[in-house]
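The primary structure of each chain is shown beneath.
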Amino acid sequence: MAVEWLVPLTEKTGKRPSLFGKPFDGPMEGHEPLIPKQYVHYDLHAWLFKDNPLGMFTPTNPNASCDGYDFALLEMPTKLMSGP
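Residues numbered from 1 in each chain as written. Predicted model: local features only at pLDDT ≥ 70, side-chain atom pairs only at ≥ 80, totals over all residues. Heavy atoms only, no water.

Asker: Let's hear about unusual backbone geometry: which residues, and what values?
Answerer: In most cases, non-glycine residues show a negative phi, while peptide bonds are predominantly trans. With omega at 5 degrees, the peptide bond leading from Gly26 into Pro27 counts as cis. If you trace the backbone, Pro27 turns up in strand 4 (residues 25-28). The phi torsion at Phe20 lies on the positive side, around 60 degrees, for a residue other than glycine. The topology assignment puts Phe20 in the loop between strand 2 (18-19) and strand 3 (22-23). (Helix = DSSP H or I, 4+ residues; strand = E, 2+ residues; numbered from the N terminus.)

Asker: Now, about the packing of aromatic side chains: what can you tell me, with residues and values included?
Answerer: Within the structure shown, the criterion is met by 2 aromatic pairs. Between the aromatic rings of Trp5 and Phe20, the centroid separation amounts to 5.8 Å while the plane-to-plane angle is 70 degrees, which identifies the pairing as edge-to-face. Taken together, the residues Trp5 in strand 1 (residues 2-8) and Phe20 in the loop between strand 2 and strand 3 connect sequence positions 15 residues apart. Both rings, one in Phe20 and one in Phe57, keep their centres 6.5 Å apart while their planes meet at 40 degrees; by these two values the pair is tilted. With Phe20 in the loop between strand 2 and strand 3 and Phe57 in the segment after strand 5 (41-47), this pair connects stretches of sequence that are 37 residues apart. (Phe/Tyr/Trp six-rings, centres within 6.5 Å; stacked < 30°, edge-to-face > 60°.)

Asker: So what's going on with the sheet that holds strand 5? Which residues, and what values?
Answerer: Within the open sheet, the 3 strands sit side by side as 1-5-4. Their pairing is antiparallel. Edge strands, defined here as strands with exactly one partner in the open sheet, are strand 1 and strand 4. Strand-to-strand twist of the sheet, defined as the mean angle between neighbouring strand axes without regard to direction, takes the value 25 degrees. Here 7 bridges tie strand 1 to strand 5, and the two strands are oriented antiparallel to one another. Note on strand 5: the bridge partner recorded for Pro8 is His41. (Pairing = 2+ DSSP bridges. Axes fitted to C-alpha atoms, helices over the stretch in contact; angles between N-to-C directions.)

Below, the structure written as structure tokens:
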């Protein structure tokens, strides 16, 4: 349905990354349980194969569901962190 690009926040990370002219969201904590909370990063989502009424680059999609799978959608937004 979608792709997500991740750029870790490290001492070498300069300014906020961008792709396709869109700035990444973040920095933010990891998305547990898939990504440890300590993995602070920037990310950018693109809904390529499922229409998103909120926009192609919006992190969440009300038309997406994880019903029937081992993982669920996040109920609370990921915590944003301070960055460079």
